[in-house]
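Reading the structure
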Amino acid sequence: MDKTIADLRRDYTLHGLSEIEVDPNPYIQFQRWFDQALAAQLVEPNAMTLATTSSKGKPSARMVLLKDFDERGFVFYTNYNSQKGQQLAENPQASLVFWWAELERQVRIYGSVEKVSENQSDEYFYSRPITSRLGTWVSNQSEVIESREILEKKLLELETVYQDQDIKRPSHWGGFRVIPTEIEFWQGRPSRLHDRLLYTLADDGSWKIKRLSP
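Summarised in this report is the structure supplied together with it. The residue numbers shown here count from 1 along each chain, following its written sequence. At least 70 in pLDDT is required for a residue's local features to be given in this predicted model, at least 80 for side-chain atom pairs to be given and counted, and no such filter applies to totals for whole chains, interfaces and linings, which use all residues. Side-chain measures were taken over the full set of non-hydrogen atoms in the model, leaving aside hydrogen atoms and water.

Some details on the overall build of the protein chain
- Helical segments are the DSSP runs of H or I of at least four residues, strand segments are the runs of E of at least two, and each set is numbered from the N terminus. Per the secondary structure count, the protein chain includes five helices and nine strands.
- Going residue by residue from the N terminus, the α and β elements of the protein chain occur as α-β-β-β-β-α-β-β-α-α-α-β-β-β.
- Expressed as lengths along the three principal axes of its C-alpha atoms, the size of the protein chain is roughly 60 × 60 × 40 Å.
- Residues count as neighbours in contact if any of their non-hydrogen atoms are within 4.5 Å of one another. Sequence separation of 24 or more characterises 65% of the internal contacts of the protein chain that already satisfy a separation of 6 or more.
- Accessible surface is estimated by sampling points in the Shrake-Rupley manner with a 1.4 Å probe; for residues, cover comes only from the protein chains shown. Just so you have it, the protein chain exposes about 12,900 Å², and 51% of that area is on carbon and sulfur atoms.
- When charges are counted, Lys and Arg contribute as positive and Asp and Glu as negative, whereas His and the chain ends are disregarded. Note that the charge is assigned to NZ on lysines, CZ on arginines, CG on aspartates and CD on glutamates. For the protein chain, the distance from the average position of its 27 positive side-chain charges to the average position of its 31 negative side-chain charges is 3 Å.

Listed below in C-alpha cells is the structure:
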C-alpha cells in the first residue's frame, strides 16, 4: 500500500545539542554549524527562508541567500521595490530559517531589519557576474509581466547597451541586515524529543541561553 502524507516520518539520530557544548556567543555557534554544513557539501547551505509581514499583518515567506554575517547581523540582497522590500519598509522585522536536512539541524532567527550601507551594497553588486548585474535592471521584481519573452528581450537590449560600459548598481537594489534578538539552534533527536537552545539578547548586550521543550 502506498504511504500517505501522514505516514511520512523519520527518526533523527545523528547528533545531540547540550548547553555545555555550545558557544556562549550565538554568532560563533552559527559559524561552527555553518562550517559543518559547508564541510558536508550541502546544496546551497546559505539558503534560508525569509519571513516578513506587511503593516496590515499579511505574512509572506520565500527563499533567499545569505551573503554575509557577523556580529552585526545576517545580510541578504534584493530589489527594494519587491514584495519583501516593501513589507520590510512598512514593518522592519523579519524571521530567518536555515534547514540543513542532512545534518538534521535548523536555525531560527528573529530580529529587526535595516538596510546595509550603499558602499556595502556596491561592493557586493560589483562582485556579481555580469549577467546577474544586468538582471537587476531587467526585472521589476514581484510585478506582473505578460510573458518571459519580455524579460529575455529586455536582457538582450541591455547587453547591447552595456557592451562597453560599466553596469551601475540600481538605487532600488541593495542589502538588508537582520539584527537578531533571538537565535534558536534546533537539533533533531529520536522520538521527536529534539534539542532546542534559544539565545535571547539581554538589555546589557549579553546573550542568555534557555532550553525549550521540543
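Describing the packing of aromatic side chains
- Pairing of aromatic rings covers Phe, Tyr and Trp, the last counted by its six-membered ring, and requires centre-to-centre distances within 6.5 Å; plane angles under 30 degrees mean stacked, over 60 mean edge-to-face, and any other angle means tilted. Scanning all chains against the criterion turns up 22 aromatic pairs.
- Considering the side-chain rings of Y77 and Y124, the 4.3 Å spacing of their centres and the 20° angle between planes classify their relative orientation as stacked. Residue Y77 is found in strand β4 (residues 73-79), and its partner Y124 is found in helix α3 (residues 118-125); the two are separated by 47 residues along the sequence. The burial state of Y77 is the same as that of Y124; both residues are buried. Per-residue accessibility, obtained with a 1.4 Å probe over protein chains only, is compared with the maximum for each type, and a residue is labelled buried under 20%, exposed over 50%, and partly exposed between these values.

Describing the nonpolar core
- By convention a nonpolar core is built from buried Ala, Val, Leu, Ile, Met, Phe, Trp, Tyr and Cys residues, the set being connected through side-chain atoms within 4.5 Å. The biggest cluster of nonpolar side chains holds 32 residues, and the ones touching the most others in it are F30, F74, W100 and V107.
- In terms of residues, this core owes the most to one element, helix α1 (residues 26-39), which gives five residues.
- Every residue in contact with F74, bar those within four places of it in the chain, is listed here: Y27, F30, L66, D68, F69, L96, I109, F176, R177, V178, P180 and I183.
- Judged by nonpolar contacts, the second largest core, of eleven residues, contains Y77, Y124, F125 and Y162.

Points about the pattern of salt bridges
- Take a side-chain nitrogen of Lys or Arg and a carboxyl oxygen of Asp or Glu: if they are within 4 Å of each other, that pair is a salt bridge. Evaluated as defined, the whole model comprises ten salt bridges.
- Linking R211 and E19 is a salt bridge whose minimum nitrogen-to-oxygen distance equals 2.9 Å. Taken together, the positions of R211 in strand β9 (residues 207-211) and E19 in the segment before α1 put the pair 192 residues apart, joining distant regions of the chain.
- Residue classification places R211 among the partly exposed positions, given a relative accessible area of 37%.
- R148 is the partner of E152 in a salt bridge, and the nearest nitrogen-oxygen pair spans 3.0 Å.

Some remarks on the pairing of strand β7 (residues 173-187)
- The element β7 is largely enclosed, with a buried count of twelve among its 15 residues.
- By the convention used here, strands pair only if DSSP detects at least 2 bridges between them. Pairing geometry for β4 and β7, over six bridges, is antiparallel. Bridge pairing links T78 to G174 in β7.
- Where strand β6 (residues 105-115) meets β7, eleven bridges bridge the pair, whose relative direction is antiparallel. When the bridges of β7 are listed, K115 appears paired with F176.
- Sheet analysis places β7 next to strand β8 (residues 195-201), joined by six bridges and oriented antiparallel. When the sheet's bridge partners are listed, I183 is paired in β8 with Y199.

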